[in-house]
Amino acid sequence: MVYLHEEFKNTDEILLQIKILSSRIYFDRIDEDDIDTICLEAQSAAPTFKGLKFIALRLSDSESDYSATSLWNDSRERPSGERINNQPSELEEIIHALTGCKYILGGAIGLFDGSIDSVFKGSAVNCSRYLSRLFSEQWDNMENPLIIWSKET
């Protein structure tokens, strides 16, 4: 989920810019309960998000699948030096693009299956670093975090 700057009114243009980031970003088949939960957590952690327009999106292996396992595994399997040498995985590229997009004030990335176990809030840079540390963990052993970033943090 990404929250948009108030001055950007053309949502279609923003959707197109986001979709250009990866063929694995989808804007449909998103569970409304998940959206509501993420909204409440994000607005609690970053009150400046209240009342802002947001776009809910999902990252997955294919349009018909909710899983992003191959994206996660590709990020896990890369030696840490590859990320340092400007060769990020596709998942890292997507996250960096979303956190750096001029249209986006902040957002929430949910890495959970079922429920949120923890919330991490910080700047876009700190959230990217936190995510990079998570790539060393097996998906099934992870703490199911919701990661919230704000450019105002």
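Look above for the structure.
Since the model is a prediction, treat every value here as computed from it, not as a measurement.

Attention shifts here to the nonpolar core. Counting 27 residues, the largest nonpolar core has V2, I18, L98, I104, L111, L134 and W149 as its most contacted members. Counting only elements with at least two residues in this core, the list comes to β1 (2-4), α1 (11-21), α3 (69-77), α5 (90-100), β5 (104-110), α6 (124-134) and β7 (145-150). Of all the elements, α6 adds the most residues to this core, at five residues. L111 has contacts with W72, L131, L134, W139, M142, N144, P145 and I147, leaving out every residue within four places of it along the chain.

Right, let's talk about the environment of D28 for a bit. Looking at the element boundaries, D28 is found in the loop between β2 (25-26) and α2 (32-45). Accessibility expressed as a relative area gives 34% for D28, which makes it partly exposed. The sequence separation of D28 and L57 amounts to 29 residues, and the corresponding C-alpha distance is 7.3 Å. If near-sequence neighbours (up to four positions away) are discounted, D28 is found in contact with R58 and E63.

The contact between α5 and α6 brings their axes to 10 Å, and the two run at 165 degrees. The orientation of α5 with respect to α6, classified from their angle, is roughly antiparallel. Considering only the axes of α5 and α6, their crossing is right-handed. Along its contact with α5, which presents E92, I95, H96 and T99, the element α6 presents A124, S128, L131 and S132. Taken together, the residues that form the contact of α5 with α6 break down as three nonpolar, four polar and one charged.

A few words on the sheet that holds β5. Pairing within the open sheet is mixed, and its five strands lie in the order β3-β1-β5-β7-β6. Because the sheet does not close on itself, it has two edges, and the strands there are β3 (54-55) and β6 (118-122). Pairing analysis gives five bridges linking β5 to β7, with the strands arranged antiparallel. Bridged to A108 within β7 is I148. With respect to the sheet, α2 is in contact with β1, β3, β5, β6 and β7, its orientation differing from that of β7 by roughly 50 degrees.

Below, the discussion takes up the packing of α3 against α5. If you want to describe how two helices pack, look at the angle between their axes and the distance between the axes. Look at α3 against α5: their axes get within 7 Å of each other, and the N-to-C directions meet at 100 degrees. Considered as vectors, α3 and α5 are oriented roughly perpendicular to each other. For the pair α3 and α5, contact is made by L71, W72, D74 and S75 and by E90, L91 and E92, respectively. Here the residues of the contact of α3 with α5 are counted per class, giving three nonpolar, one polar and three charged.

A full pass over the atoms with the stated rule returns two salt bridges. Among the salt bridges present, the one from E90 reaches R24, with a minimum N-O distance of 3.2 Å. Linking E90 in helix α5 with R24 in the loop between α1 and β2, this pair joins segments that are 66 residues apart in sequence. By sharing partners, the salt bridges in this structure join R24, D61 and E90 into a single network.

Cut-off values and rules
Each chain carries its own residue numbering, running from 1 in the direction its sequence is written. Only residues with pLDDT of at least 70 are given local features in this predicted model, and only at 80 or more are side-chain atom pairs given and counted; all residues enter the totals for whole chains, interfaces and linings. With hydrogens and water excluded, all non-hydrogen atoms of the structure serve as input to the side-chain values. In these notes, a set of buried Ala, Val, Leu, Ile, Met, Phe, Trp, Tyr and Cys residues joined through side-chain atoms within 4.5 Å is what counts as a nonpolar core. The cut-offs for exposure are 20% and 50% of the maximum accessible area for each residue type, with area from a 1.4 Å probe on protein chains only; residues under the lower value are buried, those over the upper are exposed, and the others partly exposed. Working definition: helices are DSSP H or I runs of at least four residues, strands are E runs of at least two. Numbering for both runs from the N terminus. Any two residues having at least one pair of non-hydrogen atoms within 4.5 Å are treated as being in contact. Here the axes come from fitting lines to C-alpha atoms, over the contacting stretch only for helices, and the angles between their N-to-C directions go from 0 to 180 degrees. Every angle not falling under 35 degrees, over 145, or within 65 to 115 is termed oblique; those three ranges are roughly parallel, roughly antiparallel and roughly perpendicular. It is the rotation of the near helix from the far one that decides the hand of a crossing: anticlockwise by less than a right angle makes it left-handed, clockwise makes it right-handed. Each residue gets one of three labels, nonpolar for Ala, Val, Leu, Ile, Met, Phe, Trp, Tyr, Cys and Pro, charged for Asp, Glu, Lys and Arg, and polar for the others, Gly among them. Note on pairing: two strands pair once DSSP finds at least 2 bridges between them. Basic side-chain nitrogens of Lys or Arg form a salt bridge, by our definition, when they fall within 4 Å of a carboxyl oxygen of Asp or Glu.

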